[in-house]
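Single-letter residue listing:
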Amino acid sequence: MGSEKTKQLNHLAIIMDGNGRWAQARNLPRSEGHRAGADNVLEIVKSCRKFNIKYLTLYAFSTENWKRPAAEVNALMLLLGEFIDKKLKFMQQENIRFNAIGRLSGLPESAGKKLLYAMEQTRNNSGNVLTLALNYGGRPEIADAARKIAMAVKNGTLDVESIDEAAFGRFLYDPELPDPDLVIRTSGELRLSNFLLWQMAYSELYVTDVLWPDFKEKELQSALQAFAGRDRRFGGVNKA
Ligand code: FPP
């Protein structure tokens, strides 16, 4: 495999962690940390455009995040709606396609409606793709795909013998989303937290202690530099 292909960064995925600690350090409520985190999203979208990264996927709300206090969940859902209201125009101007993965029908009605509207409005944009993982879990995604596959076999549209990795991938939430080349986790935790489990098989991982609201273009550049130094072999051996 040539070095050009191995160094290409087409899809960056980020686990945006540390909003709570960012707020705590300033004696602010956790919701203020999420607000600062949401404000940071557009900064990183802009940086990705600058660095020619076509796909950016952000872990915004997991299937486990419903366990948080109702006030925090509500604040996150309001922020999502606000984000769409305020940034949709920018997405249109900049030809960005707004996308989402997860059990979207389980989102509160108002946030869900805005989300679907933004996805519909930007459907034909051909530039960068911003995907938010919302009410998302990697295991639920795999289980949902398995259920859809079982249904397709049952109703005769899918042959059991044809089920391989590529066929399975076509039943994921967004079959067009390429596997991430690099996954960044902010705030220093060393875990995957149920994010993109299927897609991350050969992703490079980068963890920084910087909290998400403080993760700016300079920090992104450090991650990209680390990625550029990685030797991606995908289980094989690179030519000397
Ligand atoms: C983890 O930080 C972050 C989340 C659970 C939510 C991420 C959400 C945003 C960045 C804002 C909403 C996004 C958009 C696009 C509107 P944490 O709360 O677990 O932090 P902690 O580990 O320090 O407590």
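Residues numbered from 1 in each chain as written. Predicted model: local features only at pLDDT ≥ 70, side-chain atom pairs only at ≥ 80, totals over all residues. Heavy atoms only, no water.

(A) The overall build of the protein chain, seen in detail. When helices and strands are tallied, the protein chain shows eight helices and six strands. Mapped in sequence order, the helices and strands of the protein chain form the string α-β-α-α-β-α-β-α-β-α-α-β-β-α. If one aligns the C-alpha atoms of the protein chain with their principal axes, the spans along those axes are about 55 × 50 × 35 Å. Burial status across the protein chain gives 49% buried among its 240 residues. When contacts within the protein chain are restricted to residue pairs at least 6 apart in sequence, long-range pairs at least 24 apart make up 77% of them. (Helix = DSSP H or I, 4+ residues; strand = E, 2+ residues; numbered from the N terminus. Buried < 20%, exposed > 50% of the residue type's maximum accessible area, 1.4 Å probe, protein only. Contact = heavy atoms within 4.5 Å.)

(B) Spotlight on the side chain of D174. Mapped onto the secondary structure, D174 falls in the loop between helix 7 (165–169) and strand 5 (182–185). Notably, D174 is buried but unbridged: the nearest opposite-charge side chain belongs to R97, and the N-O separation is 4.9 Å. Once residues within four sequence positions are removed from consideration, D174 is found in contact with N99 and I101. (Lys, Arg positive; Asp, Glu negative; His and termini not counted. Salt bridge = Lys/Arg side-chain N within 4 Å of Asp/Glu carboxyl O.)

(C) Expanded view of the confidence of the model for the protein chain. Per-residue pLDDT for the protein chain has a mean of 96; in total, 97% of the residues score no lower than 70. Across residues 1–6, confidence stays below pLDDT 50; counting only partners more than four residues off in sequence or on other chains, it has five contacts. (pLDDT = per-residue confidence, 0-100.)

(D) Broad picture of the pairing of strand 3 (residues 97–101). Among the five residues of strand 3, four are classified as buried, and the element is accordingly described as predominantly covered. The pairing of strand 3 with strand 4 (residues 129–136) spans five bridges and is classified as parallel. Paired with N99 across the strands is T131, a residue of strand 4. Regarding topology, helix 5 (residues 109–121) serves as the crossover connection from strand 3 to the parallel strand 4, and that connection is left-handed. (Pairing = 2+ DSSP bridges. Right-handed = clockwise from strand over helix to strand, strands pointing away.)

(E) Layout of the packing of aromatic side chains. Counted under the stated rule, the structure contains eight aromatic pairs. Relative to W198, the ring of F168 lies with its centre 4.5 Å away and its plane at 20 degrees, an arrangement referred to as stacked. You can see F168 sitting in helix 7 and its partner W198 sitting in the loop between strand 5 and strand 6 (204–207), a full 30 residues away along the chain. A relative accessible area of 13% means that F168 is categorised as buried. Taking 5.8 Å as the distance between ring centres and 20 degrees as the angle between the ring planes, the aromatic pair formed by W212 and F215 counts as stacked. Both residues of the pair, W212 and F215, count as buried. Among the aromatic residues, ring-to-ring pairing joins Y59, Y136, Y173 and F195 into one connected group. (Phe/Tyr/Trp six-rings, centres within 6.5 Å; stacked < 30°, edge-to-face > 60°.)

(F) Up close: the site of the ligand. The environment of the ligand is formed by 20 residues, the closest being M16, G20, R21, R30 and R68. Note that an oxygen atom of the ligand is positioned 3.2 Å from one of the backbone N or O atoms of N19. R68 places a side-chain nitrogen or oxygen 2.8 Å from an oxygen atom of the ligand. Expressed as a share of its isolated accessible area of 630 Å², the protein-covered part of the ligand is 91%. Considering each element in turn, the shell around the ligand owes the most residues, five residues, to helix 3 (residues 30–50). (Near = heavy atom within 4 Å. Polar contact = N/O pair within 3.5 Å; in protein donor to acceptor, adjacent residues only side chain to side chain. Areas by Shrake-Rupley, 256 points an atom, 1.4 Å probe, with all protein chains shown as cover.)

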